[in-house]
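The primary structure of each chain is shown beneath.
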Amino acid sequence: MRIMVTGGAGFMGSDFVRYLAKEHPDWEIINFDVLTYAGDLSRLNEIASHPTYHFIKGDITDPEAVDRAMEGVDMVVHFAAETHVDRSIMDASVFVRTNVLGTHILLEAARKHTVKRFHHVSTDEVYGELDLEANEKFNEESPYRPRSPYAASKAASDHLVYAYHTTYGLPVTISHSVNNYGVYHFPEKIIPLFITNALEDKPMPIYGDGLSARDYLYVSDHSRAIHLILTKGRIGEAYCIAGNNKTNGIQVADVILAATNKPATLKRFVKDRPGHDRRYALDASKIERELGFRPQVNFEEGIKRTIDWYRNNVEWWKRVKSGEYQKYYERQYQLTK
Ligand SMILES: NC(=O)c1ccc[n+]([C@@H]2O[C@H](COP(=O)([O-])OP(=O)(O)OC[C@H]3O[C@@H](n4cnc5c(N)ncnc54)[C@H](O)[C@@H]3O)[C@@H](O)[C@H]2O)c1
């Protein structure tokens, strides 16, 4: 089996690559990643010398590079994307280029090379927001109502993936996951941002009233779910992946403050994100029923593991938090102390 993972140097892609290397030591894994600010090969140090692992530095918006890399590939698992909502609000153009155009270029190559599976890693954000108080959850049949440029670019890419299935018979699957968190998470996202700021005695910027709620999934559970979809999922189907918790910004801050023994004064309420989705939640009964997937790491355990990891890997996050990140952070939150 030869499997091409796009965006394998990113947070979730690297977890999946590490998972695959353990689960299938005989599979050829091609990590195709251009290494944007969010990509970092040190996430893959532990498998870098594995004889069946190969890294190709390439851009999914470059048709020739994609075509060359897909030669002889059986399966594509497509993680590569621009992923940060706040950055998509500042400038959506790279989101459209990478997430929409890049996905189209991959689909064309997958069609040409007759891959046996094209798995597209999508998000719950394509369905839009839910009321904070409602019990409703989205599922695979919910209509698309993306609200941020990021979500809209992912929705557009999902539509292309479905269209390549119905029009050309490309064997696709799609997954919609809730927010992931865990080790090696880039510290622009809320959980690693709050952990690393707490460890540095810096304020935690909480958007708006801090009540917007998310469901968090530990990243290794996500990798397991993707593997199940690849091996047992039905072609042409989408699967929602959930962590089954409801946690708001204040609660994230409080859990991290308690675990790091830092004062509540580090909580700092900042201007809300424009169009901030109030709540996301997914009904994941399809993947549970059809593929037997259930998350194994609950939020309490996952956050503990994550905080421990950031405590023990200060060098990693200090490095990724320097340079370009610092300018982004100051512009975004206007909090320099
Ligand atoms: N993080 C989440 O909570 C979450 C939840 C649901 C779905 N997703 C989806 O999962 C996927 C991975 O998310 P993540 O958080 O690991 O992202 P990330 O931002 O950590 O990593 C993205 C990776 O893609 C690479 N990349 C970006 N543009 C590229 C290009 N043009 N060519 C090749 N590589 C490129 C980057 O270098 C990086 O390694 C994305 O498709 C995202 O939409 C993320």
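Source: prediction; values computed, not measured.

What counts, and at which threshold
- Residue positions are given per chain, counted from 1 along the sequence in the order it is written.
- Two thresholds apply to this predicted model, a pLDDT of at least 70 for residue-level local features and 80 or more for giving and counting side-chain atom pairs, whereas whole-chain, interface and lining totals are computed over all residues.
- With hydrogens and water stripped out, all remaining heavy atoms of the structure feed into the side-chain values.
- Think of a nonpolar core as a cluster: buried Ala, Val, Leu, Ile, Met, Phe, Trp, Tyr and Cys residues, connected wherever their side-chain atoms sit within 4.5 Å.
- The cut-offs for exposure are 20% and 50% of the maximum accessible area for each residue type, with area from a 1.4 Å probe on protein chains only; residues under the lower value are buried, those over the upper are exposed, and the others partly exposed.
- We count a stretch as a helix when DSSP gives it H or I for four or more residues in a row; a strand needs E for two or more, and each element gets its number in order from the N terminus.
- Here, two residues are considered to be in contact whenever any of their heavy atoms come within 4.5 Å of each other.
- Domains are outlined according to an automatic or database domain assignment.
- Put simply, buried area is the surface a 1.4 Å probe can reach on two separate parts but cannot reach once they are joined, added for both.
- Whenever a carboxyl oxygen of Asp or Glu lies within 4 Å of a side-chain nitrogen of Lys or Arg, that contact is scored as a salt bridge.
- Contacts described as polar in this section are N or O atom pairs within 3.5 Å, which, within protein, must combine one atom able to donate a hydrogen with one able to accept it, while residues neighboring in sequence count only if both atoms come from side chains.
- We call a residue near a molecule or strand when any one of its heavy atoms sits within 4 Å of it.
- Accessibility throughout is a Shrake-Rupley quantity obtained with a 1.4 Å probe, and a residue counts as covered only by protein chains that appear here.
- Two strands make a pair as long as DSSP finds a minimum of two bridges between them.
- For helices, the fitted line uses only the C-alpha atoms of the stretch in contact; every axis is such a line through C-alpha atoms, and the angle between N-to-C directions lies from 0 to 180 degrees.
- Within 6.5 Å between ring centres, the rings of Phe, Tyr and Trp (the latter by its six-membered ring) count as paired, and their orientation is classed by plane angle as stacked under 30 degrees, edge-to-face over 60, tilted in between.

Draft legend 1. Focus on the nonpolar core. Judged by nonpolar contacts, the single largest core of 37 residues is most densely connected at Ile3, Phe16, Ile29, Val77, Ile241 and Ile287. Of all elements in the fold, only β1 (2-6), α1 (11-23), β4 (75-78), α7 (219-232), β11 (238-241) and α9 (285-291) reach the threshold of two or more residues within this core. With five residues, α7 is the largest single contributor of residues to this core. Residues within four places of Ile3 in sequence aside, it is in contact with Leu20, Trp27, Glu28, Ile29, Ile30, Met75, Val77 and Leu230. Core analysis: the second largest hydrophobic core is formed by 33 residues, Phe186, Met204, Tyr216 and Tyr328 among them.

Draft legend 2. Inspection of the domain arrangement of the protein at higher detail. Along its sequence, the protein is carved into domain 1 (2-180 + 216-241) and domain 2 (187-214 + 247-278 + 300-332). For domain 1 and domain 2, the distance between their C-alpha centroids amounts to 25 Å. On the domain 2 side, the residues contacting the 19 residues of domain 1 number 26 residues. Buried surface at the junction of domain 1 and domain 2, summed over both partners, amounts to about 2,000 Å²; 51% is from carbon and sulfur atoms. When the buried surface of domain 1 facing domain 2 is broken down by residue, Met90, Leu132 and Tyr216 rank first, second and third, together holding 31% of it. Inspection of the region where domain 1 meets domain 2 yields five salt bridges. Its salt-bridge partner being Arg273, residue Asp86 comes within 2.7 Å of it at the nearest N-O pair. Run the count over domain 1 and domain 2 and you get 14 residue pairs in polar contact (both at pLDDT 80 or more). The set of elements that each furnish at least two residues to the side of domain 1 that touches domain 2 consists of α3 (85-90) and β10 (216-218). With five residues, α3 is the single largest residue contributor to the side of domain 1 that touches domain 2.

Draft legend 3. Representation of the site of the ligand within the structure. Met12, Asp33, Thr83, Tyr150 and Lys154 are the nearest of the 29 residues found near the ligand. Between Gly10 and the ligand, the recorded distance is 2.9 Å, taken from a backbone N or O atom to an oxygen atom. Contact distances for the ligand include 3.0 Å between a nitrogen atom and a backbone N or O atom of Ile60. The protein chains hide 97% of the 850 Å² of surface that the ligand would expose on its own. Elements with a minimum of two residues in the shell around the ligand: α1, β5 (117-123), α5 (149-168) and β7 (179-181).

Draft legend 4. Examining the sheet that holds β5 more closely. Taken in spatial order, the seven strands of this open sheet run β3-β2-β1-β4-β5-β6-β11, and their pairing is parallel. In this open sheet, the two strands that pair with only one neighbour each are β3 (53-57) and β11. Taking the axes of each pair of neighbouring strands and ignoring which way they run, one obtains an average angle of 20° across the sheet. One ladder, built from five bridges, connects strand β2 (residues 28-33) with β3; its direction is parallel. What sits directly across from Ile30, in β3, is His54. Sheet strands touched by α1: β1, β2, β3, β4 and β5. Its angle to β1, the strand with the most contacts, is close to 160°. Contacts between helix α4 (residues 93-112) and the sheet are confined to β1, β4 and β5, with β5 contributing the most and set at about 165° to the helix.

Draft legend 5. The packing of aromatic side chains, seen in detail. Applying the stated criterion across every chain, the model contains 19 aromatic pairs. Seen in terms of ring centroids, Tyr127 and Phe138 are 5.5 Å apart; in terms of plane orientation they differ by 35°. Their pairing is tilted. On the criterion of sequence distance, the pair formed by Tyr127 in the loop between β5 and α5 and Phe138 in the loop between β5 and α5 is long-range, its members being 11 residues apart. For the pair Tyr127 and Phe138, one class covers both residues: buried. Judged by centre distance (6.1 Å) and plane angle (20°), the ring pair of Tyr325 and Tyr329 falls under stacked. You can see Tyr325 and its partner Tyr329 sitting in helix α12 (residues 324-333), four residues apart, about one turn around the helix. Each of the two residues, Tyr325 as well as Tyr329, counts as buried.

Draft legend 6. Representation of the environment of Val5. Secondary-structure assignment places Val5 in strand β1. Residue classification places Val5 among the buried positions, given a relative accessible area of 0%. In sequence terms Val5 and His119 are 114 residues apart; their C-alpha atoms lie 9.6 Å from each other. Those residues in contact with Val5, other than ones at most four positions away along the chain, are Gly13, Phe16, Val17, Leu20, Ile29, Ile30, Asn31, Phe32, Val77 and Phe79.

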